[in-house]
Amino acid sequence: MSEFLTAAPPVRYSITGSGPGLLFLHGTGGTAEACWGHLARQFADDRTIMMVDYSGTGQEVDKNEPLTLEFLAAQVAAVIRSTADGPVDVVGLSLGAEIAAVAAADYPDLVRRTVLIGGWLSADDSRQIFSFDFWQRLLRSDRELFSRFLFLTGLSPGCLGSFSTQHLEEMVAGSSLAPDTDRQIALDMCADLSSRAPLVKSPTLVVGLTQDQMVPVEHSRELHAAIPGSEYAEIDSGHVVVYERPDELADVLLKFLTKE
């Protein structure tokens, strides 16, 4: 069931299932359903599944101003308060991991456990700045080429090579980018968890992706080291692990989220 939260800050979300809350946050340029729908449903038998389309997906009614992690975390907090009776588990991929970490630090009463997948502590190294700047330039010049580049770098070489050329073309043709992806990339370029990571008190799992070409795995290891008491797992996958290794990711999530 899709809902729109009109209370400030406004945001669109979907909710299904019953039981303890489990909230999923998508990465740059995507939507919650496209990123998490196929995997989140595996948990719906005994969980209330919440998926948030935060600002930048084109469904929001914000003021089209530059995005901040604080604003997006406030959207997440608003959804939790309006749908859950208590704290929920929050799982974020890529930019969603950045938002999840800020939500856990700023709203500790709302977040029970946190999973950060393919995240980073700070994007201030030259490679990440160069990479996100290239994303933005390519998006502005040719959205179709940008989509192709996301497939090229989002999946590991082995995974990409396992598809036929025809199938790859069909994947690109069937993909879609959120209308305001540009705003989310601008946030990627300045996202910084240096001050928030030490404040995350919820049990936290950081998941690094060994073959990640978008956010090299060293960034996840650095993020893990900055969050006191956090656990770490690594999956041999490219950045888009939700499609490349969904079953392995689901198993990692299940073991952590059900741990006593």
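These numbers come from a predicted model, not from an experiment.

Chemist: So what's going on with the overall build of the protein chain? Residues and values would help.
Modeler: Along its length, the protein chain carries 11 helices and eight strands. Scaling as 2.2 N^0.38, a compact globule of 260 residues should have a C-alpha radius of gyration of about 18 Å, and the protein chain matches this with 17 Å. Its C-alpha atoms give the protein chain principal-axis dimensions of about 45 × 40 × 35 Å. Of the roughly 11,200 Å² of accessible surface on the protein chain, a fraction of 55% belongs to carbon and sulfur atoms.

Chemist: Report on the environment of Leu72, specifying residues and quantitative values.
Modeler: Summarising the element assignment, Leu72 is placed in helix 2 (residues 69-83). You can call Leu72 buried: its relative accessible area is 0%. Distance from Leu72 to Ala197, taken between C-alpha atoms, is 16 Å for residues 125 residues apart in sequence. Apart from residues lying up to four places away in sequence, Leu72 is in contact with Tyr54, Ser55, Leu67, Ile99 and Leu187.

Chemist: Outline the nonpolar core, supporting the account with residue identities and numerical values.
Modeler: Judged by nonpolar contacts, the single largest core of 53 residues is most densely connected at Leu23, Leu25 and Ile99. Of the residues forming this core, the biggest block, nine residues, is contributed by helix 3 (residues 95-106). Residues within four places of Ile99 in sequence aside, it is in contact with Leu25, Tyr54, Leu69, Leu72, Ala73 and Val76. Counting 27 residues, the second largest nonpolar core, distinct from the first, contains Phe24, Ala32, Cys35 and Phe256.

Chemist: Any chance you could break down the environment of Gly158 for me, citing the residues and the numbers?
Modeler: Note that Gly158 resides in helix 6 (residues 157-161). With 80 residues separating them in the primary sequence, Gly158 and Gly238 have C-alpha atoms 9.3 Å apart.

Chemist: Describe in detail the packing of helix 4 (residues 126-141) against helix 8 (residues 181-190), supporting the description with residues and values.
Modeler: It is the contact of helix 4 with helix 8, at a shortest axis distance of 9 Å, that shows an interaxial angle of 165 degrees. Taken as axis vectors, helix 4 and helix 8 run roughly antiparallel relative to one another. You can see that helix 4 and helix 8 cross each other, and the crossing is left-handed. Residues Ile129, Phe132, Asp133, Trp135, Gln136, Leu139 and Arg140 of helix 4 form the contact with helix 8, whose participating residues are Thr181, Asp182, Ile185, Ala186, Asp188 and Met189.

Chemist: Tell me about the side chain of Gln128, and please be specific about residues and values.
Modeler: In this fold, Gln128 is placed in helix 4. For Gln128, a relative accessible area of 0% puts it in the buried group. In contact with Gln128, other than residues within four places in its own chain, are Ala123, Met214, Val215, Pro216 and His219.

Chemist: I'd love a proper account of the environment of Leu223, names of residues and values included.
Modeler: Here Leu223 lies in helix 9 (residues 217-226). Note on Leu223: relative accessible area 1%, which makes it buried. Each C-alpha atom, one on Leu223 and one on Arg113, is 16 Å from the other, the two residues being 110 residues apart in sequence. The residues contacting Leu223, other than those within four sequence positions of it, are Leu116, Gly119, Trp120, Leu121, Leu193 and Ala197.

Chemist: An account of the side chain of Ser202 is requested, with residue identities and associated values reported.
Modeler: Tracing the backbone through its elements, the reader meets Ser202 in the loop between helix 8 and strand 7 (204-209). Look at Ser202 and you get buried, because its relative accessible area is 11%. Within the local environment of Ser202, its side chain forms a polar contact with the side chain of Thr114, the two groups lying 2.7 Å apart. Discounting chain neighbours no more than four positions away, the residues touching Ser202 are Ala104, Val111, Arg112, Arg113 and Thr114.

Chemist: Got a sec to walk through the packing of helix 4 against helix 5 (residues 143-154)? Specific residues and values, please.
Modeler: Where helix 4 meets helix 5, the axes come as close as 6 Å, and the angle between the chain directions of the two elements is 140 degrees. In this view, helix 4 runs oblique relative to helix 5, as classed from their interaxial angle. The residues of helix 5 that touch helix 4, namely those facing Phe134, Trp135, Leu138, Leu139 and Ser141, are Arg143, Leu145, Phe146, Phe149 and Leu150. Grouping the constituent residues of the contact of helix 4 with helix 5 by class yields eight nonpolar, one polar and one charged.

Rules of the game
Every residue gets a number counted from 1 within its own chain, in the order that chain's sequence is written. Local features in this predicted model are restricted to residues whose pLDDT is 70 or higher, and side-chain atom pairs enter the listing and the counts only when it is 80 or higher, whereas totals over whole chains, interfaces and linings include all residues. Remark: hydrogens and water are excluded; side-chain values derive from all non-hydrogen atoms of the structure. Starting at the N terminus, helices and strands are each numbered in turn, a helix being any DSSP run of H or I of at least four residues and a strand any DSSP run of E of at least two. The quantity called the radius of gyration is restricted to C-alpha atoms. Its globule counterpart is 2.2 Å times the number of residues to the power 0.38. The protein chains shown are the only cover counted for residues, whose accessible areas, like all others here, come from Shrake-Rupley with a 1.4 Å probe. Only protein chains enter the accessibility calculation, which uses a 1.4 Å probe; a residue whose area is less than 20% of its type maximum is buried, one above 50% is exposed, and one in between is partly exposed. We call two residues in contact when some of their heavy atoms are within 4.5 Å. Think of a nonpolar core as a cluster: buried Ala, Val, Leu, Ile, Met, Phe, Trp, Tyr and Cys residues, connected wherever their side-chain atoms sit within 4.5 Å. Angular values range over 0 to 180 degrees, each being the angle between N-to-C directions of two axes fitted as lines to C-alpha atoms, with helices fitted over their stretch in contact. In this scheme, roughly parallel covers angles under 35 degrees and roughly antiparallel covers those over 145, while 65 to 115 is roughly perpendicular and the rest are oblique. The sense of a crossing depends on the near helix, which, turned anticlockwise from the far helix by less than a right angle, makes the crossing left-handed and, turned clockwise, makes it right-handed. For this analysis, a polar contact is any N or O atom pair within 3.5 Å, provided that within protein one partner can donate a hydrogen and the other can accept it, and provided that sequence-adjacent residues contribute only side-chain to side-chain pairs. For this scheme, ten residues count as nonpolar: Ala, Val, Leu, Ile, Met, Phe, Trp, Tyr, Cys and Pro. Four count as charged, namely Asp, Glu, Lys and Arg, and the remainder, Gly too, count as polar.

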